[in-house]
Amino acid sequence: MSTIDWNDLKFSYFQTKCYVQYTFKDGQWSACEYVEEPYIKMHVAATCLHYGQSAFEGLKAYRGEDGEVRVFRPEENAKRLQKSAKRLCMEPVPTEIFLDAVDKVLQSNIDFLPPYGYGASMYMRPLLIGSGPRIGVQPAEEYTFIMLVVPVGSYYKGGLQSVPALVMEDYDRAAPMGIGHVKAAGNYAAAMLPGIMASEQGYPINLYLDAKEHKYIDEFGTSNFIGIKGNTYVTPSSSSVLPSITNMSLMTLAEEMGMAVEKRDVNFDEITDFDGIAACGTAVVVTPISHIDKLGKSYKPAQEGIHPRFQELYERMQKIQLGQYQDQYNWCRIVSS
Ligand SMILES: *Cc1c(COP(=O)(O)O)cnc(C)c1O
């Protein structure tokens, strides 16, 4: 679309042509519907509104240097949404429907997909909600699956940049046997207040420790933790961490680069033993962390500056997403446009 300034995109809502919607009713999923108005009409007693039957996903599509449209590992997002659905007693969205939504929402909004060369991409937001009525606390009988898209800009216009993080000692993100491992909407409402508090103190992201002992690292507000020590990539194995698809992919790339990968408990005091630390997730891929502050004390990794391994991991990942590097694991779904 000629009126979009591809250089000026942020990470914020942007109205495109339409979103796609599928409804589960009377025991079956409907065909795809295209909705142009950015509103949903639903029952006032819908369970998503009252009891938080709501889970989301986040993934990205990129216009490659070769002109192809690539979506990064959508089958993994489909699987994760199925896990979230099961945990929240919602009807899981079959992978075929999820992928149908990916293709259709992209094809119908293709004019909003940023061209190659701006560092911009199309953020895709799948959402599954209980849309049928209940007054007692029970699962709905009707579910709505939506996928919307927004063009988003690059975080890194001039290469990777590091940010400081803050440990919120008075808040937890997820209980040890709770729902931290699924992308339930309610987890994010709970994390907003500590997130805002950290941001007001000058920290773009905050780190959560394990809720039981506040001794081990869980993850950042919306991204996983990675530490690099020598030639080893370390990430926490906590059961209340959201299994990041970016982290999973970076672990594969790290092995490809000859690194060892460890998924284990990470004591907070280990921060200063790492050569470099970072956050990872779909939105930014890798965000190096300069230092982590906790109770007025600053914890810094052993090496100054951005660890070269983070730079290398970021570049490998980006090249796969843009079709500039062999996609040997078949991570990208090519959508005809
Ligand atoms: C979505 C999310 C991540 C990142 O997952 P990706 O699949 O890499 O985008 C990490 N932590 C939390 C809490 C999240 O919600």
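As recorded in an unreviewed UniProt entry, the protein chain goes by the name branched-chain-amino-acid transaminase, listed as coming from Lentisphaera profundi. For the protein chain, the Cofactor (unreviewed entry) comment in UniProt is given as "pyridoxal 5'-phosphate". As its UniProt record puts it under Function (unreviewed entry), the protein chain is described as follows: "Acts on leucine, isoleucine and valine."

Caption draft 1: Layout of the packing of aromatic side chains. Evaluation of the coordinates by the stated rule reveals 11 aromatic pairs. Ring-pair connections join several aromatic residues into one group, and the members of that group are Tyr22, Phe98 and Phe145. Lying over the aromatic face of Phe274, Lys229 brings its terminal NZ or CZ to 5.1 Å of the ring centre.

Caption draft 2: Region of interest: empty space enclosed by the protein. Throughout the structure, instances matching the rule amount to one cavity of 30 Å³ or more. Taken as a whole, the largest cavity holds about 90 Å³ of empty space. Gly58, Leu59, Lys60, Tyr62, Phe72, Asn77, Ile245, Thr246, Thr282, Val285, Met317 and Gln321 together form the lining of the largest cavity. Looking at the lining of the largest cavity, the elements with two or more residues in it are strand 5 (59–63), helix 5 (245–256) and helix 6 (308–321). Looking at the lining of the largest cavity, the element that brings in the most residues is strand 5, giving three residues. Counted by class, the lining of the largest cavity contains six nonpolar, five polar and one charged residues.

Caption draft 3: Summary view of unusual backbone geometry. The phi angle at Arg73 is positive, at roughly 50°, despite the residue not being glycine. Within the element layout of this structure, Arg73 appears in the loop between strand 6 (69–72) and helix 2 (74–87). Phi at Cys89 is positive, roughly 55°, even though this residue is not glycine. Tracing the backbone through its elements, the reader meets Cys89 in the loop between helix 2 and helix 3 (95–108).

Caption draft 4: Structural detail: the site of the ligand. Taken together, 15 residues surround the ligand, and among them Lys183, Tyr188, Ser244, Thr246 and Thr282 come closest. One of the backbone nitrogen or oxygen atoms of Ile245 is found 2.9 Å away from an oxygen atom of the ligand. Here the ligand has 380 Å² of accessible area as a free molecule, and 96% of this is covered by the chains. Among the cavities detected, the one that contains the ligand is the largest pocket. Grouping the amino acids of the shell around the ligand by side-chain chemistry returns three nonpolar, eight polar and four charged.

Caption draft 5: Highlighting the nonpolar core. In this structure, Trp29, Phe98, Leu106, Met124, Leu128, Phe145 and Met147 are the most contacted members of the largest nonpolar core, which totals 40 residues. Put simply, the parts of the chain that give this core at least two residues each are strand 1 (19–25), strand 5, strand 6, helix 2, helix 3, strand 7 (121–130) and strand 8 (143–152). The contacts of Phe145, once residues within four sequence positions are left out, are Val20, Gln21, Tyr22, Trp29, Leu81, Val93, Ile97, Phe98, Ala101, Pro126, Leu127 and Leu128.

Caption draft 6: Highlighting the pattern of salt bridges. In this structure the tally under the stated criterion is 16 salt bridges. Across the pair Arg80 and Glu57 runs a salt bridge whose closest N-O atoms are separated by 2.7 Å. Residue Arg80 is located in helix 2, and its partner Glu57 is located in the loop between strand 4 (54–56) and strand 5; the two are separated by 23 residues in the primary sequence. For Arg80, a relative accessible area of 9% corresponds to the buried category. On the basis of relative accessible area, Glu57 is assigned to the buried category, the value being 0%. Between Asp66 and Arg70 there is a salt bridge whose closest N-O contact spans 2.8 Å. Taking relative accessible area as the criterion, Asp66 reaches 46% and is therefore assigned partly exposed. Take Arg70: its relative accessible area is 10%, and that puts it in the buried class. It is possible to trace a salt-bridge network through shared partners that takes in Lys229, Glu262, Arg264 and Glu270.

Caption draft 7: Quick look at the environment of Thr246. The topology assignment puts Thr246 in helix 5. What makes Thr246 buried here is its relative accessible area of 5%. Separated by 38 residues in sequence, Thr246 and Val284 have C-alpha atoms that sit 9.6 Å apart. Apart from residues lying up to four places away in sequence, Thr246 is in contact with Cys280, Gly281, Thr282, Val285 and Met317.

The rules behind these values
- Residues numbered from 1 in each chain as written.
- Predicted model: local features only at pLDDT ≥ 70, side-chain atom pairs only at ≥ 80, totals over all residues.
- Heavy atoms only, no water.
- UniProt positions renumbered as here; feature names shortened; annotations may be inferred.
- Phe/Tyr/Trp six-rings, centres within 6.5 Å; stacked < 30°, edge-to-face > 60°.
- Lys NZ or Arg CZ within 6 Å of the ring centre and 35° of its normal.
- 1 Å grid on protein atoms, 1.4 Å probe; cavity = no way out; pocket = protein on both sides within 12 Å on 5 of 7 lines; lining within 4 Å.
- Points joined across faces, edges and corners; volume = space filled by probe spheres on them.
- Helix = DSSP H or I, 4+ residues; strand = E, 2+ residues; numbered from the N terminus.
- Nonpolar A, V, L, I, M, F, W, Y, C, P; charged D, E, K, R; others polar.
- Near = heavy atom within 4 Å.
- Polar contact = N/O pair within 3.5 Å; in protein donor to acceptor, adjacent residues only side chain to side chain.
- Areas by Shrake-Rupley, 256 points an atom, 1.4 Å probe, with all protein chains shown as cover.
- Sits in = over half its atoms within 2 Å of the grid points.
- Core = buried A, V, L, I, M, F, W, Y, C linked by side-chain atoms within 4.5 Å.
- Buried < 20%, exposed > 50% of the residue type's maximum accessible area, 1.4 Å probe, protein only.
- Contact = heavy atoms within 4.5 Å.
- Salt bridge = Lys/Arg side-chain N within 4 Å of Asp/Glu carboxyl O.

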